[in-house]
Each structure stands twice: as structure tokens, then as C-alpha cells.
Amino acid sequence: MQKQEFARSRAASAARIPGGLLIVQQRRLLRTALGGRLLAVCYGAGVDSTALLVALKLADFTPGIITFADLVAEKPETMAHLDRMQSILAQ
């Protein structure tokens, strides 16, 4: 029960933060660390690489290239997720 309450509390806190997931200081740190660099992202469509792309977008970074290795064995859900992420990142 405590885990559910914690998750609700975190979700409520994130909703109050401008940009949703990153606080202003976190965005500033990303800009300082990555500013002026060419960014290349190897996207695996999992939670970690998706979170990375979302964080970069929230920090106003655009990777120079995003790669995905399609092994022609991906599940339809993964391909649908790729389409959703592509439309989100294009906005």
C-alpha cells in the first residue's frame, strides 16, 4: 500500500513541475553538460531510451541522429510505440 501512495505522490508532484518530468535545475544541468555537442542516441524503444529522449526534449535538445536497429522481429506494439515517439518528437 505504501508503494502505491508513493507512486501517487510522485505523479502529483510531477504534474506540478513545468515540463512534467524535469525541474528547472535538471534542465539547466542538462544544457550545461550537453550544450554545443553533437548528440547521437541509440534508441531501443524501452523505458530507459524513451525516458532519455523525453528528457532531452524537455531540455530543448535535438539529437543530431537517432538510430533504431529493426531486426524484423519486433512486436507490433514496439513498432506502434516507435510511431508514437516519432510523432511526439516531431512536435
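Below or above, wherever it landed, is the structure these notes cover. (Residues numbered from 1 in each chain as written. Predicted model: local features only at pLDDT ≥ 70, side-chain atom pairs only at ≥ 80, totals over all residues. Heavy atoms only, no water.)

Some points on the pattern of salt bridges
Scanning the entire structure with this criterion turns up one salt bridge. Between D60 and R31 there is a salt bridge, with its nearest N and O atoms 3.7 Å apart. Of the two residues, D60 sits in the loop between helix 3 (47–58) and strand 2 (65–67) while R31 sits in helix 2 (residues 24–34), which places them 29 residues apart along the sequence. (Salt bridge = Lys/Arg side-chain N within 4 Å of Asp/Glu carboxyl O. Helix = DSSP H or I, 4+ residues; strand = E, 2+ residues; numbered from the N terminus.)

Notes on the nonpolar core
In a soluble, globular protein the nonpolar side chains are often hidden away together inside. Among the nonpolar cores identified, the biggest contains ten residues, and these are L39, V41, Y43, A45, L53, L56, A59, F61, L82 and M85. Contributing elements (two or more residues each) for this core: helix 3 and helix 4 (76–90). The residues touching A45, leaving out its near neighbours within four places in the chain, are T50, F68, T78, H81 and L82. (Core = buried A, V, L, I, M, F, W, Y, C linked by side-chain atoms within 4.5 Å. Buried < 20%, exposed > 50% of the residue type's maximum accessible area, 1.4 Å probe, protein only. Contact = heavy atoms within 4.5 Å.)

Concerning helix 3
Note on helix geometry: an α-helix contains 3.6 residues per turn, so any two residues three or four positions apart are oriented the same way. Helix length check: helix 3, at twelve residues, gives a terminal C-alpha distance of 16 Å against a target of 16 Å (1.5 Å per residue), a fit within 8%. Among all positions in helix 3, only S49, T50, L53, A55 and L56 are buried. Along its buried surface, helix 3 packs onto helix 2, strand 1 (40–42), strand 2 and helix 4. Phi turns positive one or two residues past the end of helix 3, at D60, with a value near 65 degrees. (Expected span 1.5 Å × (residues − 1).)

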